[in-house]
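So you can see what is in the structure, the chains are spelled out below.
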Amino acid sequence: MNTITTSGVAHTADTALTLSAGRVGLDQLLAIAQGGVRLAMDAQAHEGMRAALATVQAIVDEDQVVYGINTGFGKLASTKIAHDHLAELQRNLVLSHSVGTGEPLPDPVVRMVLATKAVSLARGHSGVRPALADALLALANADVLPVIPAKGSVGASGDLAPLAHLACVLIGEGQARVKGRVVPGREAMAAVGLAPFVLGPKEGLALLNGTQVSTALALAGLFAAESVFAAALVSGCLTLEAIKGSVKPFDARIHEARGQVGQIAVAAAVRTLLQGSAIDPSHPHCGRVQDPYSIRCIPQVMGACLDNLTHAARVLRIEANAASDNPLVFTDTGEVISGGNFHAEPVAFAADIIALALAEIGAMSERRLSLLLDPGLSGLPPFLIRDSGLNSGFMIAQVTAAALAAENQCLAHPSSVTSLPTSANQEDHVSMATYGARRLADMARNTAVIVGVEAMSAAQGMEFDRSLKSSALIEAQFAAIRERVAFLEQDRYLAPDIEAMRIWASESAWPTPLTACLPSHQ
């Protein structure tokens, strides 16, 4: 069995992944989301967890009053709890906070929640038993996944409700999915050979406080955005070739003169994708002076999107490794300090800029699709169909794309500027990171449909003149599209074609010139 502890290594179904608390990479998180890896915590993490646990136990033994250990929670923090009720306190906390609603979170998200919560506990600032972190990884390894309702968190104090549903399984309550069946928490624990936990001082609070659900949702959105970003660069190149557009706007000197990193990277990727094309040199005197912005400004717009994704990736990688519960234990001084690392504002901002990128990727793609269908701009048959009038071609596919682009524009409104106070105004400002991250899945799906329709339409446009071939990389993508969708000779039922192209945009293995600039591949 291969053991992988560093980034940038391919993961296989029998790969063992050792998680080093504080140093988990985006590629590892992607592998966890996809499943089929066996997780273990770096052995050194247990020492730090045991030291923090000893600090908490000393506080209990000395009958010190410390928030979260022997007090109530939130607005009830000034209420001291007797020693013989501490286990009941933690159990009640988990049960009372299990108030989520809505559809369960998808499996890839739950896998990342389990792993990142274990990593957070393993930082050694939570004061819990190492066995709790190990149990989270045992659930992930067996693909025994807590049923976590998607709605009910405001992203401060952490993702309380969804993480409570996760914690319920550890104490034998709640529900989990085992081999496709939803079973009670006690049965789920038995499936991994564990008895339900009786939580010790602070353990329930440590499980509930944290940003792991928001972060996992945002990471899922990031990974989906990367795929449709790459697909949109391919579809843009296909459209450029179909309309016999100009490659001059991708000249490296233009982009170096501005200096924006993402813009430079996108222009270089497009040049590489088109290298060796026989189409561009074939029309030096075609009379086309400038292409519309959706073609000419691909580096500027998509480069800005890439910069957003890169920044979001950096923030989310940090957060996936963070100690984000409260209070935090510092073993060097024996202190337990209350703070606010559970506030998910960094995740909320990251989710918002991923949303902006997704909306703009789709908006540019939809405009290129419209360009393809307009014979006055593209030089191609109206709506990319012979016998137009009798046939409508891609006319209404573009309407679908426009509807989805408009929907994304609404969804892109920043979630982080929305705040409602909770807990009797003790928690008077919240991040709304959980919703902000959750909406990214819908946005990515919408964008994948838009980009897929553009690519399908561009391939159709290229087929009206196949006297010359594009580059090897673009011809390979053209062939991949034709494996999924046939040339449109006359009107047919297009919904299956659109779904096939959505999958192409969402799940394809992209060539190195594209993956090289994606944050999770660096």
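Our structure's up above, just so we're on the same page.
Anyway, here's the lowdown on the structure attached to this text.

Rules behind the numbers
- Residues numbered from 1 in each chain as written.
- Predicted model: local features only at pLDDT ≥ 70, side-chain atom pairs only at ≥ 80, totals over all residues.
- Heavy atoms only, no water.
- Helix = DSSP H or I, 4+ residues; strand = E, 2+ residues; numbered from the N terminus.
- Rg over C-alpha atoms; globule rule 2.2 N^0.38 Å.
- Buried < 20%, exposed > 50% of the residue type's maximum accessible area, 1.4 Å probe, protein only.
- Contact = heavy atoms within 4.5 Å.
- Pairing = 2+ DSSP bridges.
- Core = buried A, V, L, I, M, F, W, Y, C linked by side-chain atoms within 4.5 Å.
- Phe/Tyr/Trp six-rings, centres within 6.5 Å; stacked < 30°, edge-to-face > 60°.
- Salt bridge = Lys/Arg side-chain N within 4 Å of Asp/Glu carboxyl O.
- Axes fitted to C-alpha atoms, helices over the stretch in contact; angles between N-to-C directions.
- Parallel < 35°, antiparallel > 145°, perpendicular 65-115°, else oblique.
- Expected span 1.5 Å × (residues − 1).
- Arc of directions from axis to C-beta.

### Considerations on the overall build of the protein
And step 1. If you tally the helices and strands in the protein, you get 20 helices and 10 strands.
And step 2. Taken against the 2.2 N^0.38 rule, which gives 24 Å for 522 residues, the C-alpha radius of gyration of the protein at 26 Å falls within 12% of a compact globule.
And step 3. By its C-alpha atoms, the protein is 85 × 50 × 45 Å across when sized along the principal axes.
And step 4. Within the protein, buried positions represent 55% of all 522 residues.

### Let's talk about the environment of Pro 146
And step 1. Inspection of the secondary structure puts Pro 146 in strand β5 (residues 145–146).
And step 2. Looking at Pro 146, the relative accessible area reads 0%, which means it is buried.
And step 3. Placed 194 residues apart in sequence, Pro 146 and Gly 340 show a C-alpha to C-alpha distance of 26 Å.
And step 4. Residues contacting Pro 146, with those up to four places away along its chain left out, are Val 110, Leu 114, His 165, Leu 166, Val 169, Gln 175 and Ala 176.

### A word on the pairing of strand β2 (residues 15–19)
And step 1. Summarising burial for β2: five of the five residues are buried, a large majority.
And step 2. What you see with β2 is no split at all: Thr 15, Leu 17 and Leu 19 on one side and Ala 16 and Thr 18 on the other are buried throughout.
And step 3. Taken together, the five bridges between β2 and strand β3 (residues 37–41) define a ladder with parallel strand orientation. Residue pairing in the sheet places Thr 18 in a bridge with Ala 40 of β3.

### Focus: the nonpolar core
And step 1. Of all hydrophobic cores here, the largest spans 167 residues; its most connected members are Phe 229 and Trp 504.
And step 2. With 19 residues, helix α9 (residues 212–242) is the single largest residue contributor to this core.
And step 3. Residue contacts for Trp 504: discarding those within four places in its chain leaves Ala 231, Val 234, Val 451, Gly 452, Ala 455, Gln 477, Ala 480, Ile 481, Arg 484 and Trp 510.

### Thoughts on helix α1 (residues 26–34)
And step 1. Burial within α1 is extensive, with seven of its nine residues counted as buried.
And step 2. Turning to α1, its buried residues are Leu 26, Asp 27, Gln 28, Leu 29, Ala 31, Ile 32 and Ala 33.
And step 3. Within two residues after α1, Gly 35 carries a phi angle of roughly 85°, on the positive side.

### Observations regarding the packing of aromatic side chains
And step 1. What the rule picks out here adds up to two aromatic pairs.
And step 2. Note on Phe 464 and Phe 487: the rings are 5.8 Å apart at their centroids and 70° apart in plane angle, and the pair reads as edge-to-face. You can see Phe 464 sitting in the loop between α17 (433–462) and α18 (472–484) and its partner Phe 487 sitting in the loop between α18 and α19 (495–507), a full 23 residues away along the chain.
And step 3. The class of Phe 487 is buried, set by a relative accessible area of 15%.
And step 4. Ring centres 5.2 Å apart and planes at 85° place the aromatic pair Trp 504 and Trp 510 in the edge-to-face group.
And step 5. With a relative accessible area of 1%, Trp 504 lands in the buried category.
And step 6. A residue is classified by how much of its surface remains accessible, and Trp 510, at 11% relative accessible area, is buried.

### Details of the pattern of salt bridges
And step 1. Counting across every chain of the model gives 18 salt bridges.
And step 2. Taking the shortest distance from any N to any O, the salt bridge between Arg 129 and Glu 203 comes out at 2.6 Å. With Arg 129 in the loop between α4 (107–122) and α5 (130–141) and Glu 203 in helix α8 (residues 203–208), the pair connects residues that are 74 residues apart, well separated along the chain.
And step 3. Arg 129 gets classed as partly exposed once you look at its relative accessible area, which sits at 27%.
And step 4. Since its relative accessible area comes to 1%, Glu 203 is described here as buried.
And step 5. The closest approach of N and O atoms between Arg 482 and Glu 463, which form a salt bridge, is 2.5 Å. Here Arg 482, found in helix α18, pairs with Glu 463, found in the loop between α17 and α18; they are 19 residues apart in sequence, far enough to count as distant.
And step 6. It is possible to trace a salt-bridge network through shared partners that takes in Arg 445, Glu 499 and Arg 502.

### Things to note about the environment of Ala 232
And step 1. Structurally, Ala 232 is set in helix α9.
And step 2. Taking the C-alpha atoms as reference points, Ala 232 and Ala 505, 273 residues apart in sequence, are found 7.9 Å from one another.
And step 3. When sequence neighbours within four positions are dropped, the list of residues in contact with Ala 232 reads Met 302, Ile 361, Arg 368 and Val 451.

### Describing the sheet that holds strand β7 (residues 175–178)
And step 1. Taken together, three strands build an open sheet; the order of strands is β5-β7-β8 and the sheet is antiparallel. Here the strands that pair on one side only, and so sit at the sheet edges, are β5 and β8 (181–184).
And step 2. Relative to β8, β7 runs antiparallel, the two sharing four bridges. Along β8, the bridge assignment pairs Arg 177 with Val 182.

### Regarding the packing of α9 against α19
And step 1. With their axes 7 Å apart at the nearest point, α9 and α19 run at an angle of 110° to one another. It follows from the interaxial angle that α9 and α19 lie roughly perpendicular. From α9, Ser 227, Val 228, Ala 231 and Val 234 reach across to α19, where they touch Trp 504, Ala 505, Ser 506 and Glu 507.

### Overview of helix α11 (residues 261–274)
An α-helical turn contains 3.6 residues, so a residue and the one three or four places further along point in the same direction.
And step 1. In this model, α11 (14 residues) spans 20 Å end to end at C-alpha, consistent with the 20 Å of a helix rising 1.5 Å per residue.
And step 2. Here α11 has its buried residues at Gly 262, Gln 263, Val 266, Ala 267, Ala 269, Val 270, Leu 273 and Leu 274. Down the axis of α11, the buried side of the element spans an arc of 160°, and every buried residue falls inside it.
And step 3. In the segment just after α11, Gly 276 is the residue with positive phi, at about 95°.

### Some remarks on unusual backbone geometry
And step 1. Put simply, Ala 156 and Ser 157 share a cis peptide bond, and its omega is 5°.
And step 2. For Ser 157, the location among the structural elements is in the loop between β6 (149–151) and α6 (160–170).
And step 3. With an omega of -5°, the peptide bond between Asn 326 and Pro 327 qualifies as cis.
And step 4. Its location among the elements puts Pro 327 in the loop between α13 (298–320) and β9 (328–330).
And step 5. Positive phi, normally seen in glycine, also occurs at Asp 63, with a value near 60°.
And step 6. Tracing the backbone through its elements, the reader meets Asp 63 in the loop between α2 (44–61) and α3 (86–96).
And step 7. Overall, Asp 63 belongs to the partly exposed group, its relative accessible area being 47%.
And step 8. Phi is positive for Lys 202, which is not a glycine, with a value near 75°.
And step 9. By the element assignment, Lys 202 lies in the loop between α7 (185–191) and α8.

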